[in-house]
Amino acid sequence: MSFKDTFSHEFYPFKNQAEIDRVRAITYEDIVAMNGKHPTNPNISLELWRSDECEMAMITDMVKRIIESDRENKTVSLVMCNPCPTYRKVAYMLQQMNVNMRNVKFYMMDEWADSDGNIAPLTYKQGFGYAFTEYMLKNIQGLGFKEENFIYHSAKNTPAYSKMLEDDGEADCVYSGPGWPGHLAFIDPVEDWYKPTMEEYLEQGAKVASLHPLTIAQNSLHGGFGMSGDISKVPPKGAMMGPRDAMKAKNVLDVHGITTAGSMVTWQRLTSRLCIFGEPSQEVPASVLQLRQNPTRMLMTEKTAATIEPDDFFQY
């Protein structure tokens, strides 16, 4: 009996091994040769960035849209991803340029929820609403930002979230990046989301849903949870935007550049290939961005785009 070197794990929802093998074989040189064009969707620009410069693209896009909202006196609605120190830099630039933020609406992309579906309050220090308040909102005091234009997930806001975006004319930009199981926001490949058809799947709005085990494991390495694999500290559910919110957004900026403490180690290298180049499926939620008809920027860092190959001398 010969030993198998490819395995189907029950907990991993994406079972199309041929598709996994196909995207795994996409090399760095293959991505460079695409010359900024997505293989199947002309609405998608595929950008390759140095790992230490990719953040600049997101910062520039955010600041540009906020400045334009001031100059042109128009509302801009932005769906903001997992808060990070990036927002301190955005806030600093806005303060230095004295940009009036009266027309800006910030929608939080997602938030943690407990096993009973209770959404984390703004006082929860591991929460995204808390972090956004600390990194962004406290640093734009005096720039005219209106408190009511901060739409964070809560028992009141989440059921109305998608309708609020619709009333605003949909998001001007969604800032996103996939998680280990290919999630879009916290839209994980779990039963809470699966529908008989892709059309039904893409029509779903914001709600509270369960998280995939890989999402929980991934976040146990996050700074807010101690960077130590302490799964017991990571909530099992989340509140999040729905697929319809990403599909209807006027623009999406999707960043693929997470590594382990800046090293070459990253779970995102294969996941990103499935999201960007794999067949769109409910089992890889972020892959549905390939179906968008509006402008979409997909940014890959050189480390994420690096060829997938074994290294016998590297251990974790």
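Computed from a predicted structure; not experimentally measured. Each chain has its residues counted from 1, following the order in which its sequence is written. It should be noted that, the model being predicted, local features are given only for residues of pLDDT at least 70 and side-chain atom pairs only at 80 or more, the latter also being counted only at that level, while totals for whole chains, interfaces and linings use all residues. The side-chain values count all of the structure's non-hydrogen atoms but skip hydrogen atoms and water molecules.

(A) Here's a closer look at the pairing of strand E3 (residues 104-108). The buried fraction of E3 amounts to 4 of the 5 residues, a majority that puts the element mostly inside the structure. Criterion used throughout: strands pair if DSSP finds at least two bridges between them. By definition, any uninterrupted DSSP run of H or I lasting at least four residues is a helix, any uninterrupted run of E lasting at least two residues is a strand, and each is numbered from the N terminus. Here strand E2 (residues 76-80) runs beside E3; their pairing, made up of 5 bridges, is parallel. Bridge pairing links serine 77 to lysine 105 in E3. Once you follow E2 into helix H4 (residues 86-96) and on to E3, the crossover reads as right-handed. With 2 bridges joining them, E3 and strand E5 (residues 150-151) adopt parallel strand pairing. Looking at the pairing, phenylalanine 106 lines up with phenylalanine 150 of E5. Remark: exposure states derive from per-residue accessible area (1.4 Å probe, protein chains only) relative to the maximum for the residue type, with buried under 20%, exposed over 50%, and partly exposed in between. Here a crossover is taken to be right-handed if, once the strands point away from the viewer, the path from the first strand over the helix to the second is traced clockwise.

(B) Up close: the sheet that holds strand E9 (residues 252-256). Overall, parallel pairing links the 7 strands, which are arranged E1-E10-E9-E6-E2-E3-E5 in an open sheet. At either end of the open sheet lies a strand with only one pairing partner, and these are strand E1 (44-49) and E5. Two strands pair when backbone bridges link them, and E1 and strand E10 (residues 296-301) are joined in this way by 6 bridges, in the parallel orientation. Note on E10: the bridge partner recorded for leucine 48 is methionine 300. Note on definitions: a residue-residue contact is assigned when non-hydrogen atoms from the two residues lie within 4.5 Å. The axes used here are C-alpha line fits, helices contributing only the stretch in contact, and every angle between their N-to-C directions lies in the interval 0 to 180 degrees. Where helix H6 (residues 157-167) meets the sheet, it contacts E2, E3 and E5, and its direction lies at approximately 135 degrees from that of E3. Here helix H10 (residues 268-277) sits on the sheet and contacts E1, E9 and E10; the angle it forms with E9, its principal contact strand, is near 150 degrees.

(C) Molecular detail of the packing of helix H1 (residues 17-24) against H10. Viewed as axis vectors pointing N to C, H1 and H10 meet at an angle of 105 degrees, and their least axial separation amounts to 9 Å. Classified by the interaxial angle, the pair formed by H1 and H10 is roughly perpendicular. Contacts from Glu19, Ile20, Arg22, Val23 and Arg24 in H1 reach Leu270, Arg273, Leu274 and Phe277 in H10. Note that the term roughly parallel is reserved for angles under 35 degrees, roughly antiparallel for angles over 145, roughly perpendicular for angles of 65 to 115, and oblique for everything else.

(D) Focus on empty space enclosed by the protein. A cavity here means a set of points on a 1 Å grid, drawn over the protein atoms and nothing else, where a 1.4 Å probe fits but cannot get out; a pocket is an open set with protein on both sides within 12 Å along at least five of seven lines, and a residue lines either one if it has an atom within 4 Å of a point. Grid points are joined across faces, edges and corners, and a volume is the space filled by probe spheres set on the points. Evaluated as defined, the whole model comprises 1 cavity of 30 Å³ or more. Empty space within the largest cavity amounts to approximately 40 Å³. Lining the largest cavity are Tyr12, Pro13, Phe14, Trp180, Pro181, Gly182, Thr271, Leu274, Glu283 and Val284. Three classes are used: nonpolar for Ala, Val, Leu, Ile, Met, Phe, Trp, Tyr, Cys and Pro, charged for Asp, Glu, Lys and Arg, and polar for all others, with Gly counted as polar. Residue composition of the lining of the largest cavity, by class: 7 nonpolar, 2 polar and 1 charged.

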